[in-house]
Structure formats: structure tokens, C-alpha cells
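Coordinate inspection notes
Read off the chains here:
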Amino acid sequence: MTLLTALARLLIFPGLLFAVPAAWFFLWVERKSVALMQGRVGPPFMQPFWDFMKLLGKSTPARPGIAGLLMRAWPLIAVSAAAGAVGLLPVLPSSGGFEGDLILLLALLELPSICIIAAGFSSRSIFGEIGSAREAALSVSYNIVFLLAIVSIAASQHTFRIEALAAAPNSPLHWLGVLAILVCLPAKLHINPFSLPNAEQEIYAGPMTEYAGPELAMWELSHGLEWVAGTGLVATLVAPHLAIPLGAAWLAACIFVVLCVVIVLLLSALAAATARLAIDSSVRFYWQCTLIFAILAVSSAILMRIRS
Amino acid sequence: MAQRVANADGGAPMKLLKRLMCTARRRSPWLFHMNSGSCNGCDIEIVAALSPRYDAEQLGVRLEGSPRHADILCVTGPVTRKAVGAVKTVYDQVLGPKAVIAIGSCPATTNVFIDSRTLDGPLDKHVPVDVFVPGCPPRPDAIIAGVAKAAGILAERSMSVTAGPSASVAAATFAQDDKQNISDEPVKEVQQ
């Protein structure tokens, strides 16, 4: 991957120029589909964009000292990490990549969550601290499953290159891994039934309680970019890469967007159909119900590797 | 007022940006709901305004958990003496540009609790109120109309506030607005 293609991927497609409108679009799809499922009309198409613009124009309280500096820095770090994660996705066929980019992608996907935890604690609001503690507990539980699922996919192909994983023929093990990632996505995106870190009304707004104006706009954007990165990761893993002719980049891009929207719709249906779980139930769900499948997937991937 | 602002600072991109911000503020009113000793009647109607039958989200309305996120403060109740401090604190926690809606007859006039020794109302004694939604309780349609009106006021006000050089003009219009809203016409009717 040359510097030029890397910049093009980071800034144009699937990076910032594509990812920011896509983030707004996915946020709209989520809100609109939940509204339709509840028998409402829902927000207009441009709503996430208007929300973002309005928040940019609002004032922020004066926060002197290092705490204020940190509070301004966390959302920016979260946005850049999420945008970088989107930029790493191998959406176009033969778009390059490097050995080990999967590890970088996982780190970048995890960074917004760490920023949220730190943001809640640095805001020194009691509600922010509760939200951050919940986010930390949730993150410890779903990440084990999430990482084991990705490791099982990577171990079966014996590579840490995302493009190689995406292009690999789909085996039952691959699908098991994708399923496990899908189970973790609601917790990663803080939607129902795992919306407890920023439990609206219950603990005010969780880690975001003290954030306002442009900082909140950045959090909204990073949340949207997380949607793109999370659904995009699953979309690239399930996309039929071999069936696409090499020249048809637009076809690959279209398939990517369609798959992403389908996953967003699936997750919204789950969010509309469920209520918020308590923290102990959520943690128990990941540790008791899904961990066993993730361990099975990893061990069978390693066993298959040894046999072949 | 809009013409005066447009003359005050030229530049097509700035004007475009200001118009964009104005539209954004009108289209994305986020509410924070505060109960200052209400009987819960108006509070139920606010929730009803967000339900499938009335669906205020079509206007971009979102009920926020934190006053820091909100643009519009919806106050219900006749402001009891215990609630005065909370009302003032929450009003200060909402960041500008902001608007206040008094929902129901209680915050407007203290309603049937008038002259009660446990009250320190009505609401506009403590914070500037932009829109009054009368009714005991008001219908959800009236609340939505009030929110739309407050969002319009917010957008209009933002046109004057964001104008850098004409800050004094903005302050003057602010004062004028407040005077109009509070002392001249104590109750602004919302079309039902």
C-alpha cells in the first residue's frame, strides 16, 4: 500500500468523504426504521445532519485546566479512531493493505469505547462515572467474544490481513465467527438491549451528561462512524468478493453499502423489539451464553489448522 | 430584524452559514423536561406528544436526558418554593441559544394553587419564558405547536446572536424579545 492509496482510502473512500455522510445516513436509517416499527413516521432524511450542525453552533461551558482539555480531546480522538477504522476496511477489491492491519483495525474499533470510558470519568459527573463504569464492565465482557470470533476467523486462514480474510472462501467456521461478531455489535454500538452505558433518562445521559455543543456533535459523529465501521466489518467479511470482476469497483461499493444497510436494519429491529437489560444480565449474557461458542470456534479453527 | 443583521456583516459564505445554522436550529429542537411541582398531568402529555399518535420526532424533537444537550427547557408545575433553586440551576445548565416553554396553566399563572404559601411562582418570575402553552393539561398537539414556535424563536434569535460585530444589536433585540414575552403579554396563546 503506497502513501497515496493509503491517503485516498483514509480521506476519500471508504474514509472520511464517504464515511461521514454514510454515518449520518446510517443514524437516520436506524432512527427511521425504529420509528416505522413503532408505528410512527420518524425523523426526516436530513435529521442527523441538522442535529450535527445545530450542535456545532451551540456554546460550551467554560472548563478551565487539564480536565477541560481532556474533555475536549476525547471526542476528537474517538472520531479520528473511528474514521481510521472505516478507512482500513477493504471495500474495493485488491485495494491493498498490509500484514497485521486486522490488529490495527481492532485497536481503532476499541478506541472510541475507551474514549467514552475516559470521558465519563474526566467529566467528574456522578452520572458520567456510573455510565463509564457500566461501559467498562460491558466492554470487558463483549470484547472477549468479539476478539475470539475474529481470532477464529483469522486462525482458520492463518493471516492477519483483512483483505485475505474477506476474500477467503466462506466456510461454516467463517459464518460462526461472523455470527459471533454480530452478537457483539449491539453492545459495541450501545443500542437496546445493551444501551445501558448511556441509558437515556435513567442515568441522565451516562458518560455524555456533561458534554455539550461541538463536543457532543463529535460524539454523535463518532457514534455514526462506529456504526459504519462495525457494520462495514461484517459486510466485508460476508461480501462475495470472488464473484465480483476486478474492474467493477462501483459494484463492490454498492454491495458494501447494501449489506451495511441490511445489517443496520437487523440491529434496529433488535433495538425496537427489546428493552434495556440490567448490567448484570448483560454481562452474564456474554460470559455465560456466548463465550462458549466463541471458544468452540477458536478451538475448532486451531484444530483445523493443525490437521491440514 | 433579519435585514438589520444581514446588513451588519456582509459576505455571502457567512450569510449562507448563518442561514444553514438558522435552519438547523429550527429543525432540531432537543427538549429537556423539568417538573417544578407539577401534578404529573402535563408530564404525561409531553410523553404523549412523542408517542406514535402524535410523533413529535417528525419535527426533529428529541427528549434528552441531560440539560446540557437541550435547546428548549420544558417546565411544568407551578414552581414550588423547594423547586426554585432547581429551576434556576437547570436553566443555567442549558447552554445558549436556548428557549423556555411553560407547559400548562400552572407555570403561567400558578393556576388553582394561586396564593398558596408553598409556592413561589409563576415561572417567569425566575427565568425568562418564551412560549406559554395554556391548558390543564394542554393537549399534545398544543405542546407540539409550542415546541415548533419555540424552535422558530430560537432560529430567529440565533440569527442575531451569531452576528459578531452587531452584538449590541443582538443584546437590544434580546431585551426587546424578553420584554415582549414577559411583561407586555404574560400569556402567549398557542394556536390549537
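For clarity, every value in this text was computed on a predicted model and none was experimentally measured.

Some words on the sheet that holds strand β5 (residues 131-133) of chain B
Residues and elements named next belong to chain B. The strand order across the open sheet formed by five strands is β2-β1-β3-β4-β5, and the pairing between neighbours is parallel. The two strands at the open ends of the sheet, each matched to only one other strand, are β2 (62-63) and β5. As paired elements, strand β4 (residues 99-103) and β5 share three bridges and run parallel to each other. Within β5, the position partnered with alanine 102 by the bridge is phenylalanine 132. Docked against the sheet, helix α4 (residues 84-93) engages β1 (30-35), β3 (72-76) and β4, running at close to 170° with respect to β1.

Observations concerning the confidence of the model for chain B
Residue and element names in this part refer to chain B. Summarising the model, chain B shows a mean pLDDT of 81, and 77% of its residues fall at 70 or more. Low pLDDT (under 50) marks residues 1-6, which in the prediction has eight contacts with non-local residues, meaning those over four places away or in another chain. If you check the scores for this complex, the pTM reads 0.88 and the ipTM reads 0.85.

Focus on the pairing of β4 of chain B
Moving residue by residue along a regular strand, the side chains alternate between the two faces of the sheet. Residue and element names in this part refer to chain B. Extensive coverage of β4 is indicated by the burial of five of its five residues. Bridging between β3 and β4 involves five bridges; their strand directions are parallel. Of the residues in β4, the one forming a bridge with isoleucine 72 is alanine 99. Taken together, β3, α4 and β4 form a β-α-β motif whose crossover is right-handed.

Focus: the nonpolar core
Residues and elements named next belong to chain A. Counting residues in hydrophobic clusters, the biggest one holds 84 residues, and the most contacted among them are Leu105, Phe146, Ile181, Trp219, Leu225 and Trp227. Per-element tally for this core: the top contributor is helix α9 (residues 213-238), with 14 residues. Excluding anything up to four places from it in sequence, isoleucine 181 contacts Phe146, Ala149, Ile150, Ile153, Val234 and Leu237.

Side note on a nonpolar patch on the surface
All names here are of chain A. Together, Leu3, Leu7, Leu10, Leu11, Ile12, Leu16 and Leu17 give the surface a local cluster of nonpolar side chains, amounting to about 670 Å² of exposed area. Residue assignment for the nonpolar patch shows that the elements contributing at least two residues are α1 (3-11) and α2 (16-37). With four residues, the top contributor of residues to the nonpolar patch is α1. One can find leucine 7 in helix α1.

Observations regarding the pairing of β1 of chain B
Residue and element names in this part refer to chain B. Relative to β2, β1 is paired through two bridges, and the arrangement is parallel. Its bridge partner lying in β2, leucine 31 is registered against leucine 63. The parallel pair β1 and β2 is bridged by helix α3 (residues 41-49), and the resulting crossover is right-handed.

Observations regarding the interface of chain A and chain B
Of the residues lining the interface, 31 residues belong to chain A; the matching set on chain B comes to 29 residues. Summing the contributions of chain A and of chain B, the shared interface buries around 2600 Å²; its carbon and sulfur component is 55%. Sorting the residues of chain A by area buried against chain B places Trp50, Lys54 and Lys58 of chain A first, and these three jointly supply 26% of that buried surface. Our enumeration of links across chain A and chain B arrives at seven salt bridges. A salt bridge links arginine 31 of chain A to glutamate 57 of chain B; the shortest N-O distance between them is 2.9 Å.

What counts and how
Residues numbered from 1 in each chain as written. Chains lettered and ligands numbered in written order. Predicted model: local features only at pLDDT ≥ 70, side-chain atom pairs only at ≥ 80, totals over all residues. Heavy atoms only, no water. Pairing = 2+ DSSP bridges. Helix = DSSP H or I, 4+ residues; strand = E, 2+ residues; numbered from the N terminus. Contact = heavy atoms within 4.5 Å. Axes fitted to C-alpha atoms, helices over the stretch in contact; angles between N-to-C directions. pLDDT = per-residue confidence, 0-100. Buried < 20%, exposed > 50% of the residue type's maximum accessible area, 1.4 Å probe, protein only. Right-handed = clockwise from strand over helix to strand, strands pointing away. Core = buried A, V, L, I, M, F, W, Y, C linked by side-chain atoms within 4.5 Å. Patch = residues over 30% accessible without salt bridge, like charges linked within 9 Å, V, L, I, M, F, W, Y side chains within 5 Å. Areas by Shrake-Rupley, 256 points an atom, 1.4 Å probe, with all protein chains shown as cover. Salt bridge = Lys/Arg side-chain N within 4 Å of Asp/Glu carboxyl O. Buried area = accessible area lost by both parts, 1.4 Å probe.

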